[in-house]
Each structure stands twice: as C-alpha cells, then as structure tokens.
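Structural characterization, general
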Amino acid sequence: MSEQLNVPTMAELMAAGKTPDILFWVGSAGSYDDRAKKITKAFVKILNKAGVNFGVLGTEESATGDLAKRAGNEFLFQMQAMMNIEVLNMYEVKRIVTCDPHAFNCLKNEYPGLGGTYEVMHHTQFIKQLIDSNKLDIKESDYKGKQITFHDPCYLGRANSEYNAPREVLGSLNANLVEMKRHKATALCCGAGGGQMFKEPEKGDKDINELRTEDALKTNPDIIATACPYCMTMMSDGVKVKEKEAQIKVMDIAELIASSQNL
Amino acid sequence: MNYLPNIIFAIALIVGLGYFAKNVKKLVRNIKLGQDVDVSDNKSQRWKNMANIALGQSKLVKRPVSGFLHVVVYVGFIIINIEVLEIIIDGLFGTHRIFSSVLPEAVYGFLIGTFEVLALLVLVAVIIFWIRRNIIKLARFWKPEMKGWPKSDGNIILYFEMVLMTLFLVMNATDLHFQDMNSGNIISQYIAPLFSGMAEGTVHFIERAAWWLHILGILTFLNYLYFSKHLHILLAFPNTFYGRVNNKGELNNLASVTKEVKMMMDPDADPFAAAPEGAEDEVPEKFGASDVQDLSWVQLLNAYTCTECGRCTSECPANLTGKKLSPRKIMMDTRDRLEEVGKNIDANNGEFKEDGKQLLGDYITNEEIWACTSCNACVEACPVSIDPLSIIIEMRRYLVMEKSDAPTELNNMMTNIENNGAPWPYNQQDRLNWKNE
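Here the structure is a predicted model, which is why all the values come from computation and not from measurement.

**As for the pattern of salt bridges**
All names here are of chain B. One pass over the structure, following the stated rule, counts 36 salt bridges over all chains. Close ionic contact of Lys 329 with Glu 368 constitutes a salt bridge, the shortest N to O distance being 3.0 Å. One end of the pair, Lys 329, is in helix H13 (residues 327-347); the other, Glu 368, is in helix H15 (residues 366-370), and 39 residues separate them in sequence. Bridged by salt links that share partners, the residues Asp 291, Arg 337, Glu 340, Asp 355 and Lys 357 form one connected network.

Written as structure tokens, this is what we have:
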C-alpha cells in the first residue's frame, strides 16, 4: 500500500460545511469485489491526482437496484431507488460519476422517473474530461506500442451510445488500439448482464465470456481493456479458461491510466 | 356482353380489397388487446425514425448484401405500384394502357422502361434471396423456430414475387402495340422474340392471360400478407414510428409499483385507510406479463411486424452460445399466441373464452426468459425497431413478482440486496473498507 487515499465521505464533508463538486458512486462491485476494488482505488488515485473535489456515500450507499430490476423485481428496485434518492437529494447531489456502467445507466435513465435527476457520468467520460481540460497530463506511458483491445460494456455502449470516451482515453496512452470484429454497437456481451453474473448460465455449447474472449484473442492483444467491473470478471475468467493469463492482462481503463501515471 | 371483363374485374377488385380490409380490422382489434401505452412523446424523433429506418432503410444496409438486395426489392415494389394504378383503371374502364394516351410517349416510355428494369432487378434479387435461404442455407434461416410454416412462408413470398415479375415482363413482351411503339420496352424487347412465331391471336391471348394473372396475383398477394411475415411491408412504418425513442438501457418504471412502494415508505400512510374513489381501476390485475393481453399494444404491433429475418437471433449472445433463447422466437411466439387469442374471440362472439393456455409456459419457456443478458443486441440488430427484450423483462416481472419463480441463485442475490443493500452477503457497514485495504 503506497500513500493514503483521500476519500472523503459526504457525511464528513457536510459536517465540515463543504459540498463536493461530484459524488463518486462506488457501486456494490466496486465496494466488495476484490478485483473491482482495484478499479475503485485506481479511479480514486486519478481523482486525487487531478485534484477533483469529490465525495463518496460510504456506508450510506446501497445497491442501485439495477440488478433487481433486470431480474424482474421491480418492487425491490424501486425501494432501493427511493432510499438512494432520499440520501442523494438530502446531500443535494448534482453530479455523479461511477465506474459501473449498470449503475451509470440506472442512475441516469431510471432514477429521474422516481424523483432523482442528476448529471451522471461514467468514469471513462470523466477521465476524458480531465484529460481534455489538462487536469490530467498523460505524457509517456508504459503502454506505448502495446496492443490493446477494448471490450465495450453493453450498458455504456449500446444502451447509452457512448463509444468514443473510452477509446479516446485509451488513445492518450499512445498504445496500438485494435478493434475486435464485434465492437461498438455490435459488441458481444461479456455474459454477466441481466443478472447472469449471479447464476449459472442456461445449458448451451459454451459460456458467453469464452466466446467473447475468443473475439478478443483474435486481435492478439497484450491487454484487454474493460470499463465495467462485471466485464472485468468475465473477461478475466475467459482469459484463464483459455490459459492466457500469463501473456494477456485484463485491465480497466482507470487502472491503465493510473498505472501509466505511476499512481 | 362487352362489359363482362370490366364487371369481373370490378368484382375481383372489390372482393380482394374487401377481404383485405376485413383482415386489417381484425389486425387492429388484436393489437388493441394490448395494454395502453402513451406514445405521444418525442413526435419529431418518431417521424425521423420512421423516415430513416422504414423509408430510408438505414438499418437494413448494416448488412450490405441482404441490405442492398432488400433495397432493390423495396424500391421496385413501391415504384411498380404506379403500374398497378394503370392496370386498375384499364380493368375498370376497359381501356388499354390508359397512361400511354394521357402522357407524352417519351414520359410513358421512360416510366415503363424504369418498371421493366426494376422488375428484372427484383427478379434477380429474389432469386438470390431464394438461393441464400435454400442452397447456401444461411444459418439464421435454419434455426429450430424456422421449421414448417415460417420456412414455407419465406419461400412462398419469393415464388410470388418471381411469378409476378415474370408476368409483368411477359405481359409487356406480348403486347404487340406496345412493342411497336418501341419505347420503354428495355427488357421486354428481348423476351418478345420468343413469341414471334406465334399467331397474332395466340400472342394476344398470352398478353391478356398475363395481364389478368398479374393483377389477380397482386390481389391474392395482398391478402396473403395478413397470414404471412410479409406483413412487415405495411407495419414497418407504424412500428418504427411507435418504437422506442429513449436510451436502449432504460426500462420503464412500473407506475403501479411506485404507488405501493411510496405507501410502504411513507410513515404517515394509513394502511387501513379506504381506497379513494376510482382507485380500484388503477391497481393492475397482475405485475408483468404472462399472456399477450398483459403486453402493451406496441409490443403486439412489434410481433405482427416481425419478418423473421433473424438478425436479432444471430447477434444474441445466449443464442450464439447454444442456449435456447432466440429473440426472433419470442416475437414469433407472441404473434402466434395473439392470433390464437384473436381466433378464440372470433369464435366466441367477440369475447375471449379462457382456453387454459398462455404465452408464458405454453409458448415461451422460463429457460428462454432467464438466459437473456439484457445486452440489447437484438434491439440494436432489428431493422424495424422491434424490442424483444421488453417482452422478456415483462415476463421476468411476472415470474418474480407474481410467481416468486426466479432461479434460486437470483433469489439469493435479491435477498442480499434487500437485507444488505448489495448483491453479495456483505454488511453495508463494510462498504468503505476498500479505502484502507
């Protein structure tokens, strides 16, 4: 563990009479999943480095309810949403950024109908803004010339038509970006969406993450870049199944940026 | 006696159009069996969608080969209809090529010449379509749901179009007067020599036969639409207009649930209070959908619009990895069940009589519903704005909220969310532990 992360909670900030510019919605995966926690920390390092005035809800955060909604449990979703909205509105949150495209989609598109309207950004969009406004200066990076292929998360790409931000951020690394045959609007799902992350897949010929990993392997990548904690799990598992974990790394875009800055 | 052909023609026309109108009425009634949904928003976006997607075929050309061929057939179909207008006037009033005497010869020649070229192009395109289906056997036309009627329906349409185009060209080739004009017979001039050895009367007879078969064929084809996937040529327009306009990731928030949740969370709410006047109508009979009447009328319109092209299924990650889910089958099942319900209503004097069946279970299995990753690939792939995912989600809602019938692992996940505010069994107090790890 290097230096201490600066992660103020909304409660602490409020007690000190401060209001942050943005709320970082960590999400359940980002809080509890060991692999996803690394993405969370990488993103916080970026926020700290760029001097972003942010806060997290900490123990006041709860699941968005997105998973329940997609599994068909509209009751549970709306209860989660209304509780979260109460907290968010109490802190007068205006802008939210999150590393989880599912939370991003849910907060952005489904919360407004229940009384929670915020400007919601995905972390790749936010990092792109930091780079564009020179708050984050990416010069030489270890990834120069490395072969990187980006796997579009369904809920950032197809669901919300954001294909450019992650690619532009990756572009700043001077890496060699290669597209899989199925990409952007036709990208194949990692297999975790709609609640599949939490259950065994139905009977079939193979698992979806295997097929998607095959798509990625065809580009001969050094790194498979992801932008979603669930995609991270699925692609990492896929690479393991294909016994390629020694040669190919699966990394979130936040991790790539943070490590390129030696954060 | 001279009027006999005109009378026969008029009767054929009335019968053909009348039967079609009757079926359109039934179609509208069936679609209206669905739940009402507000589509008055985003007017300009809706018009744009219809112009781009249906009229402009913007999504079809994403697959260049079938897209290009489809555009040929589509343009051919629309433009050749001008010729049908001439046929109808001729048929009703006993004239012959009425437009040739109204329009300047050069204009008429140009028009007919265009039709002939298009007819040939359509013929070629349709033959390639047939080869793709039956000889190359493209995978998406050979899925389990494409057996029986869906398979023959696809081919019947192609045969119809082959015959209609051939009849049109033969009709022109055997029209001696038209060939003498030598204007606009761009294609038919090469077919005409086939008939040059025949007696004039025979050639005239062939011309009349081709003319009659052509128009009767068109009327038959028109009435075939209702029973066929080919209905998309009409419904693609309203369907793209009423199709989704918001972000694909956005699922609707059930208003009925909102009301209940708000009451549950309101500490001042009196659970024993009498329901306000008229409130009863607002409580839905059930949450989610198990049968076609529970779906919205837009979803039912979707089902009638589906042309079973399978672009959705060929992009579906579950289907690509051998699972039972096929978004196309979801749409076909919905239409089949809706037709069944419609027939039930017709047979029972306008009332639906319980038949012990429903869409979920008798047509669509739970296994299909639970295999979906909600990735929206099917929605993206559909060339006419059909949304199979919305039907899958409605059925999940029914299974979870009415039947408590989700896979065990998902139930565990949901219990965790309910108890700990996370899909994993971790304490909410540990949410910030990552900070110091």
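**Regarding the sheet that holds strand S7 (residues 223-226) of chain A**
Residue and element names in this part refer to chain A. Strands sit in the order S6-S5-S7-S8 across an open sheet of 4 strands; the sheet is parallel. Bordering the open sheet on either side are strand S6 (176-177) and strand S8 (249-252), each of which pairs with just one other strand. Across 2 bridges, strand S5 (residues 147-150) lies against S6 in parallel orientation. Bridge assignment links Gln 147 to a residue of S6, and that residue is Asn 176. The strands touched by helix H10 (residues 229-241) are S7 and S8; relative to S8, the strand with the most contacts, the crossing angle is about 175°. Each of S5, S7 and S8 is contacted by helix H11 (residues 253-260), which is oriented at about 90° to S8, the strand it contacts most.

**Regarding a nonpolar patch on the surface**
On the surface, Tyr 3, Ile 7, Ile 11 and Val 15 of chain B cluster together into a nonpolar patch covering about 440 Å² of accessible area. Relative to the helices and strands, Ile 11 of chain B is located in helix H1 (residues 4-31).

**With respect to empty space enclosed by the protein**
A probe as big as a water molecule, rolled over the atoms, marks out the empty space that is left. One pass over the full model with this rule turns up 11 cavities of 30 Å³ or more. Along the wall of the largest cavity there are 14 residues; nearest its centre are Ser 28, Thr 64, Leu 67, Asp 100 and Tyr 230 of chain A. When residues of the lining of the largest cavity are traced back to their parent elements, those giving at least two are helix H2 (27-32), helix H4 (66-70) and helix H6 (101-110) of chain A. Its residues assigned to classes, the lining of the largest cavity comprises 7 nonpolar, 5 polar and 2 charged. Reported here for the second largest cavity is a volume of approximately 100 Å³. Together, 15 residues line the second largest cavity, and Cys 316, Leu 325, Cys 372, Cys 375 and Cys 378 of chain B are the ones closest to its centre. The set of elements that each furnish at least two residues to the lining of the second largest cavity consists of helix H12 (317-320), helix H16 (377-381) and helix H17 (388-402) of chain B.

**Here we look at the environment of Ala 81 of chain A**
Residues and elements named next belong to chain A. Relative to the elements of secondary structure, Ala 81 occurs in helix H5 (residues 74-90). Distance in space between the C-alpha atoms of Ala 81 and Pro 112 is 10.0 Å, their sequence separation being 31 residues. Sequence-distant contacts of Ala 81, that is, excluding residues within four places in its chain, are made with Thr 64, Tyr 111 and Leu 114.

**Description of the interface of chain A and chain B**
Contact residues are listed per partner, giving 75 residues for chain A and 60 residues for chain B. Summing both partners gives a buried area of about 5,800 Å² for chain A against chain B, and 63% of it is carried by carbon and sulfur. The largest contributions to the chain A side of the interface with chain B come from Tyr 32, Phe 75 and Phe 198 of chain A, which together make up 13% of the buried area. Taken together, the links from chain A to chain B amount to 3 salt bridges. The salt bridge partner of Arg 431 of chain B is Glu 61 of chain A, with a shortest N-O separation of 2.9 Å. Viewed at the interface, chain B and chain A are joined by 37 residue pairs in polar contact (both at pLDDT 80 or more). Every element with two or more residues in the side of chain A that touches chain B is listed here: H2, helix H3 (34-49), H4, H5, H6 and helix H9 (208-217) of chain A. Looking at the side of chain A that touches chain B element by element, the count peaks at 10 residues for H5 of chain A.

**Details of the state of the cysteines**
Going through the model one piece at a time under the given rule, you end up with 0 disulfides over all chains. Residue Cys 231 of chain A stays outside any disulfide, its sulfur separated by 3.8 Å from that of Cys 228 of chain A, the closest cysteine. In this structure Cys 378 of chain B is a free cysteine whose sulfur lies 6.4 Å from that of Cys 312 of chain B, the closest cysteine sulfur available. The exposure class assigned to Cys 378 of chain B is buried, which follows from its relative accessible area of 9%.

**What about the packing of aromatic side chains?**
Considering all chains together, one arrives at 18 aromatic pairs over all chains under this definition. Note on Tyr 32 of chain A and Tyr 426 of chain B: the rings are 5.1 Å apart at their centroids and 35° apart in plane angle, and the pair reads as tilted. Here Tyr 32 of chain A is found in helix H2, whereas its partner Tyr 426 of chain B is found in the segment after helix H18 (408-420) on a different chain. An aromatic cluster of at least three residues, connected via ring pairs, comprises Phe 24, Phe 43, Phe 54 and Phe 126 of chain A. Sitting over the face of the ring of Phe 141 of chain B, Arg 133 of chain B holds its NZ or CZ atom 4.2 Å from the ring centroid.

Parameters and conventions
- Residue numbering note: each chain is counted from 1, following its sequence as written.
- To read the labels, note that chains go from A and ligands from 1, taken in the order they are written.
- Given that the model is predicted, a residue must reach a pLDDT of at least 70 before its local features are reported, and side-chain atom pairs must reach 80 or more before they are shown or counted; all residues, however, enter totals for whole chains, interfaces and linings.
- Note that water and hydrogens are dropped before the side-chain values are worked out from all heavy atoms of the structure.
- The rule for a salt bridge is simple: a side-chain nitrogen of Lys or Arg has to be within 4 Å of a carboxyl oxygen of Asp or Glu.
- For the purposes of this entry, the term helix denotes a DSSP run of H or I that reaches at least four residues, the term strand denotes a run of E that reaches at least two, and both are numbered from the N terminus.
- Here, any two strands with at least 2 DSSP bridges between them count as paired.
- Here, residues are in contact when the closest pair of their heavy atoms is within 4.5 Å.
- Axis geometry follows a simple rule: fit a line to the C-alpha atoms, using only the stretch in contact for helices, then measure angles between N-to-C directions, giving values from 0 to 180 degrees.
- Put simply, a patch holds well-exposed residues, over 30% relative accessible area, that have no salt bridge, with like charges counted together within 9 Å and Val, Leu, Ile, Met, Phe, Trp or Tyr side chains within 5 Å.
- Surface accessibility in these figures is a Shrake-Rupley result with a 1.4 Å probe; residues are shielded only by whichever protein chains are displayed.
- Two kinds of site are reported from a 1 Å grid over the protein atoms alone, namely cavities, where a 1.4 Å probe fits but cannot get out, and pockets, open sets with protein on both sides within 12 Å along at least five of seven lines, and residues are called lining when an atom falls within 4 Å of a point.
- Grid points are joined across faces, edges and corners, and a volume is the space filled by probe spheres set on the points.
- Polar here means any residue outside two lists: the nonpolar Ala, Val, Leu, Ile, Met, Phe, Trp, Tyr, Cys and Pro, and the charged Asp, Glu, Lys and Arg; Gly therefore counts as polar.
- Each of two parts loses accessible area, computed with a 1.4 Å probe, when they are put together; buried area is these two losses added.
- What qualifies as a polar contact is a pair of N or O atoms within 3.5 Å, subject to a donor-acceptor requirement within protein and to the restriction that residues adjacent in sequence count only when both atoms come from side chains.
- Disulfides are defined in this document as cysteine sulfur pairs within 2.5 Å.
- Whether a residue is buried, partly exposed or exposed follows from its accessible area with a 1.4 Å probe, protein chains only, as a fraction of its type maximum: under 20%, in between, or over 50%, in that order.
- Pairs were defined over the aromatic rings of Phe, Tyr and Trp, the Trp ring being its six-membered one, requiring ring centres within 6.5 Å. Orientation was assigned from the angle between planes: stacked under 30 degrees, edge-to-face over 60, tilted for the rest.
- To sit over a ring, a charge needs its Lys NZ or Arg CZ within 6 Å of the ring centre and within 35 degrees of the ring normal.

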